[in-house]
Amino acid sequence: GAGVSQSPSNKVTEKGKDVELRCDPISGHTALYWYRQSLGQGLEFLIYFQGNSAPDKSGLPSDRFSAERTGGSVSTLTIQRTQQEDSAVYLCASSEHRGGIAEAFFGQGTRLTVV
Amino acid sequence: GQQVMQIPQYQHVQEGEDFTTYCNSSTTLSNIQWYKQRPGGHPVFLIQLVKSGEVKKQKRLTFQFGEAKKNSSLHITATQTTDVGTYFCAGKPNAGKSTFGDGTTLTVKP
């Protein structure tokens, strides 16, 4: 596609339910990042995929969070037993080194609200 | 692990005044990138700096990369209301992932 696509754009869920957020990166981009952004705050790193390497999961806040990237393309971020503090915008970004530039392209984000 | 500190967190200026945000990394960087996030939007790439001491300009924006490749700055001359948003730096070491600073949120009073 033309850009990074995330779905759903908005998700309201009840506390305790599981949610899955999807990211379709730009075709051919080997690097994929997930970030979380609370209102008016910075970008909180969650997880990083680079090619076939083991993902860098150092940013995942708890074992309720997990992510996978199938076939080096689409990624899903799963949050189990959601809590109210999980409410935030979840941003996905992909990048590829071209001509020495590794610009990260961000999706529009998924706004998660846990009620 | 690598840390990227960005200051100030907030900056309020009168339209026409200058603005600068600073980014400092705990480790030497391979490159540093700058992004702008408009209110309600997502971060959008502005520029990448690679060389020690590099200076790049985009109209009223001037980007600098320190000689030691551990710090960077973004300077906006004569701010306009269209400059409002949060400016993030992202530092990438030779190996591993980029790390974003916490951003500087700029508000411009007309």
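Residues numbered from 1 in each chain as written. Chains lettered and ligands numbered in written order. Predicted model: local features only at pLDDT ≥ 70, side-chain atom pairs only at ≥ 80, totals over all residues. Heavy atoms only, no water.

## A short note on the nonpolar core
By size, the foremost hydrophobic cluster in this structure holds 20 residues, and its most contacted members are Trp34(A), Leu77(A) and Tyr90(A). Where this core is concerned, the elements lending two or more residues are β3 (19-24), β4 (31-37), β5 (44-50), β6 (65-69), β7 (75-79), β8 (88-95) and β10 (110-114) of chain A. In terms of nonpolar packing, the next biggest core, distinct from the first, is built from 19 residues, Phe19(B), Trp34(B), Ile47(B) and Tyr87(B) among them. (Core = buried A, V, L, I, M, F, W, Y, C linked by side-chain atoms within 4.5 Å. Buried < 20%, exposed > 50% of the residue type's maximum accessible area, 1.4 Å probe, protein only. Helix = DSSP H or I, 4+ residues; strand = E, 2+ residues; numbered from the N terminus.)

## Examining the packing of aromatic side chains
Throughout the structure, instances matching the rule amount to eleven aromatic pairs over all chains. With 6.2 Å between their ring centres and 70° between their planes, Tyr35(A) and Phe45(A) make a pair best called edge-to-face. Placement of Tyr35(A) in strand β4 and of Phe45(A) in strand β5 is noted, with a sequence separation of ten residues between them. The residues Tyr35(A) and Phe45(A) share a single accessibility class, namely buried. Seen in terms of ring centroids, Tyr35(B) and Phe45(B) are 5.7 Å apart; in terms of plane orientation they differ by 75°. Their pairing is edge-to-face. Residue Tyr35(B) is found in strand β4 (residues 31-37), and its partner Phe45(B) is found in strand β5 (residues 44-49); the two are separated by ten residues along the sequence. Classification of Phe45(B) by relative accessible area gives buried; the value is 17%. Within the aromatic cluster, the residues linked to one another by ring pairs are Tyr33(A), Tyr35(A), Phe45(A), Tyr48(A), Phe106(A), Tyr35(B), Phe45(B), Phe88(B) and Phe100(B). Geometry around Phe45(A) places Lys97(B) over its ring, the cationic atom sitting 4.6 Å from the centre. (Phe/Tyr/Trp six-rings, centres within 6.5 Å; stacked < 30°, edge-to-face > 60°. Lys NZ or Arg CZ within 6 Å of the ring centre and 35° of its normal.)

## Some thoughts on unusual backbone geometry
In the segment running from Ser7(A) into Pro8(A), the intervening peptide bond is cis, with an omega of -10°. With respect to the secondary-structure elements, Pro8(A) resides in the loop between β1 (5-7) and β2 (10-13). With an omega of -5°, the peptide bond between Ile7(B) and Pro8(B) qualifies as cis. With respect to the element layout, Pro8(B) can be found in the loop between β1 (4-7) and β2 (10-14). If you check the backbone angles, Arg81(A) has positive phi at about 45° while not being a glycine. Relative to the elements of secondary structure, Arg81(A) occurs in the loop between β7 and β8. For Lys69(B), which is not a glycine, the phi torsion comes out positive at approximately 55°. Tracing the chain through its elements places Lys69(B) in the loop between β7 (61-65) and β8 (71-76).

Structural measurements only, silent on function.
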